[in-house]
Structure formats: C-alpha cells, structure tokens
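Chain by chain, the residues:
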Amino acid sequence: MKGLIDILDFSTEELDELIETACDIIENPADYSEKCKGKKLATLFYEPSTRTRLSFEAAMYELGGNVIGFSEANSSSSAKGESVADTAKTISCYADIIAMRHPKEGAALVAKNNASIPVINAGDGGHCHPTQTLADLLTIYREKGGFSGLKIGFCGDLKFGRTVHSLINALSRYEDNEVYLISPDELKLPSYVKKDVLVKQNIKYTQTTDLESVIGELDILYMTRVQRERFFNEEDYLRLKDSYILTEKKLEKAKADLSIMHPLPRVNEISVEIDNDSRACYFKQVLNGKYMRMALILKLLEEAEK
Ligand code: CP
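Parameters and conventions
Residues numbered from 1 in each chain as written. Predicted model: local features only at pLDDT ≥ 70, side-chain atom pairs only at ≥ 80, totals over all residues. Heavy atoms only, no water. Helix = DSSP H or I, 4+ residues; strand = E, 2+ residues; numbered from the N terminus. Rg over C-alpha atoms; globule rule 2.2 N^0.38 Å. Areas by Shrake-Rupley, 256 points an atom, 1.4 Å probe, with all protein chains shown as cover. Buried < 20%, exposed > 50% of the residue type's maximum accessible area, 1.4 Å probe, protein only. Contact = heavy atoms within 4.5 Å. Domains from an automatic or database assignment. Buried area = accessible area lost by both parts, 1.4 Å probe. Salt bridge = Lys/Arg side-chain N within 4 Å of Asp/Glu carboxyl O. Polar contact = N/O pair within 3.5 Å; in protein donor to acceptor, adjacent residues only side chain to side chain. Nonpolar A, V, L, I, M, F, W, Y, C, P; charged D, E, K, R; others polar. Near = heavy atom within 4 Å. Phe/Tyr/Trp six-rings, centres within 6.5 Å; stacked < 30°, edge-to-face > 60°.

Participant: Whenever I open this one, the overall build of the protein chain confuses me. Can you help?
Facilitator: When its secondary structure is counted, the protein chain shows 10 helices and 9 strands. Relative to the compact-globule value of 19 Å for 306 residues, the protein chain shows a C-alpha radius of gyration of 19 Å, a close match. Seen through its principal axes, the protein chain has C-alpha atoms that stretch 55 × 45 × 40 Å. Approximately 13,400 Å² of the protein chain is accessible, and the part contributed by carbon and sulfur atoms is 46%.

Set out below in structure tokens:
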C-alpha cells in the first residue's frame, strides 16, 4: 500500500501534481468539499503537535470526510505496551488512511509495513517530516515561482531538525541550488544527510556558525527551533537554545525579497517584531500545509482505490 514516509517516496512530477491540486483547491474550494465523503482519516499522534495534527484534521473535514484518532500516546493502548505494528493493523479496520507522528525514527515505516491502508509520516523522531516539506514547497513555489537557482540558509538546530533534513532532500533534486548551513558546532547537519544528499548530488554548501556573515546572500532563510525534546541533558539545551534570534536589526543586510520561513512552533528564534515584515512567510506555511495535506489525502485515497 502506498503512503508517504519520506519525501523521496514521491517523484518531482508527483510533487508538481500535488502543488497543482493544492493551487486548484485554493482557487476552487467548493469543488473539493465532498471529495472524501464517507472516508475516515485516523490521526495517531504519539508526540505533541498543533499544526500537523489539526491541519490534517481540518484538511479531511474540508474534503467532506471524518476524523478519528488520539493526540497523545497515553490515551491509546500503547500505554499498555501495544506495538506500532498491531496498532496499524487495528486502525486499518476502522479508517481509510492514517497520519502518524511518533518519537522514534522509523516508526511510520513500521506502521506502513503493517497497515492495509495508506500511512502518512507526520514526523518520526529526528528523522523526517515529509508533510512539513509539502507545506514548505508550496510556500517556496508561491513566493519564488519554482525550486531552482535558490540560495537557501538553514539556521538553528540542523542536527535534530527533521524538517530541515526533509527539505534538503526535496530541494536536492532541483538544479542550481546552494545551501548555507548555519548552526552551533554541536547542532550541525548530520553527516549522513551531508554525504548522502549534498555531496552525492553535488550541491554547493557553506557551513558556518555566523548568520550575519551570510544573511545578505540568501533568497530563503529557514529558521528552526532548538529541539529540547531530543536533548539528553537540559544543561546543553539551555546553553544552545538562544544561539540565533532573528531581529529586524539582523535583517538590515538581507535582500528585500528574502523569504523568512520557519516550520513552527517558534520559541525565541524569530523576534515577534518580524511577524509584520513582508518577508515573513511562516504563517503562510501553516495555511499552505493544510492545502497540501488536502491534496495528499486525495492522491493517496485515489491510489488506494485502484
Ligand atoms: N511544524 C510542525 O510540525 O508543527 P507541530 O509540531 O505543531 O505539528
């Protein structure tokens, strides 16, 4: 059964189709309001979420479908020791499609291998978060008109930031992009992403700890939160959490058409004064995420029916 575990599960042509559907939904929402009538989405969230879970739920309701699920592991039988595999088999008896978030890398793949309905990875530990990437891609498409010839800075927690890993993977398939990796030494991009993606695809990259030295080069600045929940000790988190705080002052050297992105939630990384700057795109990402999740649910349910 097809699902979405890693953004590379989809070809660039399939991503283009999703973007086309999302843009059509934006233009003609009424045409989609009954497309999933009689269908059920199960949201299985073993980790906290605001945007991903609620945008999946809003997406399904806007398609005329229904939603079941749980929003914390302790309210499911995983608290009694039930495995992800058994949960996936069980939910396949109740729903038509699953969106699952889990703290363990690879958990979504286990669910997919055991479910008889499509499984969408809504974030698996520090590994990847492909539907955030769908939101990011639609945002880049609407802001920049395409995915090539861009200078993209990723700033903050590049080690644990699964949205960064997924977006780098996605952008690596387009021409002539250049990546700036801005992080403290302790939170550098994992070497497997660097070697398997950037080096393998021959993508030019610059690694630095200094945001201000490169901000003027960038077309997109993708800020990230330091992922407290993935740290082994609180001391390290407290030392690193405010490594980068984007302020209007720091933006003085930035391009006038810079797009400032952030998967959210934000803690301190972007000063709220920037929310009113025309370059801020992070709440546009939130809305774009709902449209792309609508397009994704439609695609996977259509494929499941074939
Ligand atoms: N961007 C994102 O995944 O947000 P949530 O953790 O609120 O779902």
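Participant: Explain the environment of K159 here, please?
Facilitator: If you trace the backbone, K159 turns up in the loop between β5 (151-155) and α6 (162-171). Overall, K159 belongs to the partly exposed group, its relative accessible area being 37%. Spatially, the C-alpha atom of K159 lies 9.2 Å from that of S191, the residues being 32 residues apart in sequence. Leave out the neighbours within four places in its chain, and K159 touches H165, E186, L187, K188, L189 and P190.

Participant: In this structure, what is going on with the side chain of T43? I would like to understand it.
Facilitator: The residue T43 is located in strand β1 (residues 40-45) in this model. Given a relative accessible area of 1%, T43 falls into the buried group. Beyond its immediate stretch of four places on either side in the chain, T43 contacts R53, F56, E57, V67, I68, G69, F70 and A99.

Participant: Mind showing me how you'd approach the domain arrangement of the protein chain here?
Facilitator: Many authors give the size of an interface as the accessible area that is lost as the parts come together. Domain boundaries assigned for the protein chain yield domain 1 (7-129 + 288-304) and domain 2 (130-285). Relative to domain 2, the C-alpha centre of domain 1 lies at a distance of 25 Å. Listed per partner, the contact involves 34 residues of domain 1 and 28 residues of domain 2. Summed over both sides, the interface of domain 1 with domain 2 buries roughly 2,500 Å², with 60% coming from carbon and sulfur. By the criterion of area lost to domain 2, the three top residues of domain 1 are I7, H129 and N288, representing 29% of everything that side buries. Between R162 and E47 there is a salt bridge; the shortest N-O distance is 3.4 Å. Counting across the domain 1 and domain 2 interface gives 15 residue pairs in polar contact (both at pLDDT 80 or more). Secondary structure elements with two or more residues in the side of domain 1 that touches domain 2: α1 (12-27), α2 (51-62), β3 (97-102), β4 (119-124) and α10 (282-305). Residue contributions to the side of domain 1 that touches domain 2 peak at 8 residues, all from α1. Of the residues assigned to the side of domain 1 that touches domain 2, the class counts are 16 nonpolar, 12 polar and 6 charged.

Participant: Mind showing me how you'd approach the site of the ligand here?
Facilitator: Neighbouring the ligand are the residues S49, T50, R51, T52, R101, H129, Q132, P263 and L264. Side-chain polar atom of T52 to an oxygen atom of the ligand: 2.7 Å apart, as the coordinates give it. When isolated, the ligand has an accessible area of 260 Å², and the protein chains bury 91% of it. Among the residues making up the shell around the ligand, the classes are represented as 2 nonpolar, 5 polar and 2 charged. For the shell around the ligand, the domains that each give at least three residues are domain 1 (7-129 + 288-304) and domain 2 (130-285).

Participant: Is there a simple way to explain the packing of aromatic side chains in this structure?
Facilitator: By convention here, two paired aromatic rings are described through the distance between centres and the angle between planes. Under the definition given, this model contains 5 aromatic pairs. Pairing Y141 with F147 gives two aromatic rings, centres 6.3 Å apart and planes at 40 degrees, and the pair type is tilted. Classification of F147 by relative accessible area gives buried; the value is 7%. Seen in terms of ring centroids, F147 and Y174 are 5.0 Å apart; in terms of plane orientation they differ by 50 degrees. Their pairing is tilted. Here F147, found in the loop between α5 (130-144) and β5, pairs with Y174, found in the loop between α6 and β6 (178-182); they are 27 residues apart in sequence, far enough to count as distant. We classify Y174 as buried; its relative accessible area is 14%. Taken together, the aromatic side chains of Y141, F147 and Y174 make up a single cluster linked through ring pairs.

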